[in-house]
Amino acid sequence: MIKFDQVSKTYPGGQLALSKVSFHIEPGEMAFLTGHSGAGKSTLLKLISIMERPSVGKVLINGHDLNQIKRRQIAFIRRDIGMIFQSPHLLDSKTVFDNVALPLIIEGYTRKETSKRVAAALEMVGLRDKARSLPMMLSGGEAQRVGIARAVVNKPPLLLADEPTGNLDPKLSMEIIRLFEDFNQAGVSVFVATHDLGLIARMKYRTLTLRNGQMITDGLNDAAGEGW
Ligand code: ADP
Ligand code: ADP
């Protein structure tokens with residue numbers, strides 16, 4: 001699903017963000033990515049979503065070598081990735097339903113198919129009764145769940161989340177992780193970047209740890225307590 005082979009990333013200003021990073025995430029896996037602020041987590045996720053390109057090394061997504069793909073193939077590969085951020089960036093003037101429908105409208109789904117899929121996505125995140133609400137009427141946890149519904153509405157095989165619980169308290173954070181587990185149990189690969197070690201400690205998942213751009217641990221989360 002995701003394969004990094006000796007990947008390094010240096011930004012144009014000369015900042016080295018990742019150094020010789022190698023790992024492999026299998027289809028259907030759920031894993032966490034951690035490390036202090038500036039360790040390279042966002043950069044690593046941006047290489048997967050093709051928002052940045054590696055300086056050296058190889059990134060493969062679903063068998064596609066990202067060094068080989070043409071510009072016009074980028075949208076096609078991104079369609080297989082549901083992205084979740086710290087803040088869901090909902091459109092304030094649109095209802096919950098319309099926000100979640102957006103990726104389907106862009107892809108030209110019929111109205112009937114769109115309605116069906118949006119209803120199913122809202123059902124999964126427990127917000128079916130909020131379909132007609134505007135974002136300003138939602139709590140922080142609800143808004144984040146709308147962002148998740150939008151990320152999964154076209155049924156991507158991979159979910160990528162960058163600090164998805166950064167604005168939420170521990171209880172709501174746990175609810176978001178439980179949702180990811182539901183998707184994972186339905187066969188979706190899930191990769192979550194977070195610096196919330198408390199959250200990871202309550203889980204028994206593979207955890208990859210970055211420090212200054214280097215992958216320093218990769219294993220079950222018992223290593224997470226050792227600090228960075
Ligand atoms: P994290 O997500 O773990 O906080 P980042 O991937 O955002 O880490 O950052 C890794 C390093 O790369 C940091 O030193 C950061 O300042 C730098 N960096 C990130 N994005 C850019 C950019 N667009 N241009 C230059 N340097 C960047
Ligand atoms: P987040 O909290 O989501 O990691 P940040 O506030 O760290 O976001 O970064 C916001 C944006 O600025 C990101 O797109 C990141 O790539 C970029 N960025 C981070 N560090 C630098 C830097 N040193 N120079 C330029 N851009 C940066």
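Preceding this paragraph is the structure being described.
Below is a summary of the structure that appears in this document. What you are looking at is a predicted structure, and each value in this text was computed from that prediction instead of being measured.

**Quick word on the overall build of the protein**
1) Next: Counting its secondary structure elements, the protein contains 7 helices and 10 strands.
2) Next: Compactness check: the protein gives a C-alpha radius of gyration of 18 Å against a globular reference of 17 Å for 228 residues, within 12% of the reference.
3) Next: Each of the three principal axes of the protein carries a C-alpha extent, and together these read 45 × 40 × 35 Å.
4) Next: Expressed as a percentage of the 228 residues in the protein, the buried residues total 50%.

**Comments concerning the packing of aromatic side chains**
1) Next: Following the criterion strictly, the structure yields 3 aromatic pairs and no others.
2) Next: Ring geometry for Phe-23 against Phe-191: centres 5.8 Å apart, planes inclined by 40°, an arrangement best described as tilted. Taken together, the positions of Phe-23 in strand 2 (residues 16-25) and Phe-191 in strand 8 (residues 189-193) put the pair 168 residues apart, joining distant regions of the chain. For the pair Phe-23 and Phe-191, a shared accessibility class is recorded, and that class is buried.
3) Next: Directly above the ring of Phe-97 sits Arg-132, whose terminal nitrogen or CZ lies 5.2 Å from the centroid.

**Structural notes on the environment of Gln-6**
1) Next: On the secondary structure map, Gln-6 appears in strand 1 (residues 2-10).
2) Next: A residue is classified by how much of its surface remains accessible, and Gln-6, at 40% relative accessible area, is partly exposed.
3) Next: In the structure, Gln-6 is positioned 13 residues away from Ser-19 in sequence and 7.7 Å away in space, judged by C-alpha atoms.
4) Next: Residues in contact with Gln-6, not counting those within four places in the same chain, are Lys-20, Val-21, Ser-22, Val-56 and Gly-57.

**Overview of the environment of Ile-84**
1) Next: Along the chain, the position of Ile-84 falls in strand 6 (residues 81-84).
2) Next: Residue Ile-84 is classed as buried on the basis of its relative accessible area of 2%.
3) Next: For Ile-84, the contacting residues outside a window of four places in its chain are Gln-144, Gly-147, Ile-148, Ala-151, Leu-159, Leu-160, Ala-161, Asp-162, Pro-164 and Phe-180.

**Quick notes on unusual backbone geometry**
1) Next: For Asn-62, which is not glycine, the phi dihedral falls at a positive 55°.
2) Next: On the accessibility criterion, Asn-62 (32% relative accessible area) is partly exposed.
3) Next: With a phi angle near 45°, His-89 is a residue other than glycine that sits in the positive phi range.
4) Next: Counting through the fold element by element, His-89 comes out in the loop between strand 6 and helix 3 (96-106).
5) Next: Residue His-89 is classed as exposed on the basis of its relative accessible area of 59%.

**Details of the sheet that holds strand 8**
1) Next: Sheet architecture is open: 6 strands sit in the order 6-7-8-3-9-10, paired in mixed fashion. Lying at the two open borders of the sheet, with one neighbouring strand each, are strand 6 and strand 10 (214-220). The average undirected angle you get between the axes of adjacent strands in this sheet is 15°.
2) Next: Note: strand 3 (residues 30-34) against strand 9 (residues 206-211), 4 bridges, orientation parallel.

**Considerations on a nonpolar patch on the surface**
1) Next: Together, Leu-134, Met-136 and Met-137 line one region of the surface with nonpolar side chains, adding up to about 350 Å² of accessible area.
2) Next: Along the polypeptide, Leu-134 turns up in the loop between helix 4 (111-124) and helix 5 (140-152).
3) Next: Look at Leu-134 and you get partly exposed, because its relative accessible area is 30%.

**A closer look at the site of ligand 1**
1) Next: Residues in close proximity to ligand 1 include Tyr-11, Gln-15, Ala-17, His-36, Ser-37, Gly-38, Ala-39, Gly-40, Lys-41, Ser-42 and Thr-43, which together make up its full environment.
2) Next: One of the backbone N or O atoms of Ser-42 is found 2.7 Å from an oxygen atom in ligand 1.
3) Next: The contact in question runs from an oxygen atom of ligand 1 to an N or O atom on the side chain of Thr-43, over 2.5 Å.
4) Next: With the chains in place, 63% of the 560 Å² that ligand 1 exposes on its own is no longer accessible.
5) Next: Ranked by residues supplied to the shell around ligand 1, first place goes to helix 1 (residues 41-48) with 3 residues.

How each quantity is defined
- Residues numbered from 1 in each chain as written.
- Chains lettered and ligands numbered in written order.
- Predicted model: local features only at pLDDT ≥ 70, side-chain atom pairs only at ≥ 80, totals over all residues.
- Heavy atoms only, no water.
- Helix = DSSP H or I, 4+ residues; strand = E, 2+ residues; numbered from the N terminus.
- Rg over C-alpha atoms; globule rule 2.2 N^0.38 Å.
- Buried < 20%, exposed > 50% of the residue type's maximum accessible area, 1.4 Å probe, protein only.
- Phe/Tyr/Trp six-rings, centres within 6.5 Å; stacked < 30°, edge-to-face > 60°.
- Lys NZ or Arg CZ within 6 Å of the ring centre and 35° of its normal.
- Contact = heavy atoms within 4.5 Å.
- Pairing = 2+ DSSP bridges.
- Axes fitted to C-alpha atoms, helices over the stretch in contact; angles between N-to-C directions.
- Patch = residues over 30% accessible without salt bridge, like charges linked within 9 Å, V, L, I, M, F, W, Y side chains within 5 Å.
- Areas by Shrake-Rupley, 256 points an atom, 1.4 Å probe, with all protein chains shown as cover.
- Salt bridge = Lys/Arg side-chain N within 4 Å of Asp/Glu carboxyl O.
- Near = heavy atom within 4 Å.
- Polar contact = N/O pair within 3.5 Å; in protein donor to acceptor, adjacent residues only side chain to side chain.

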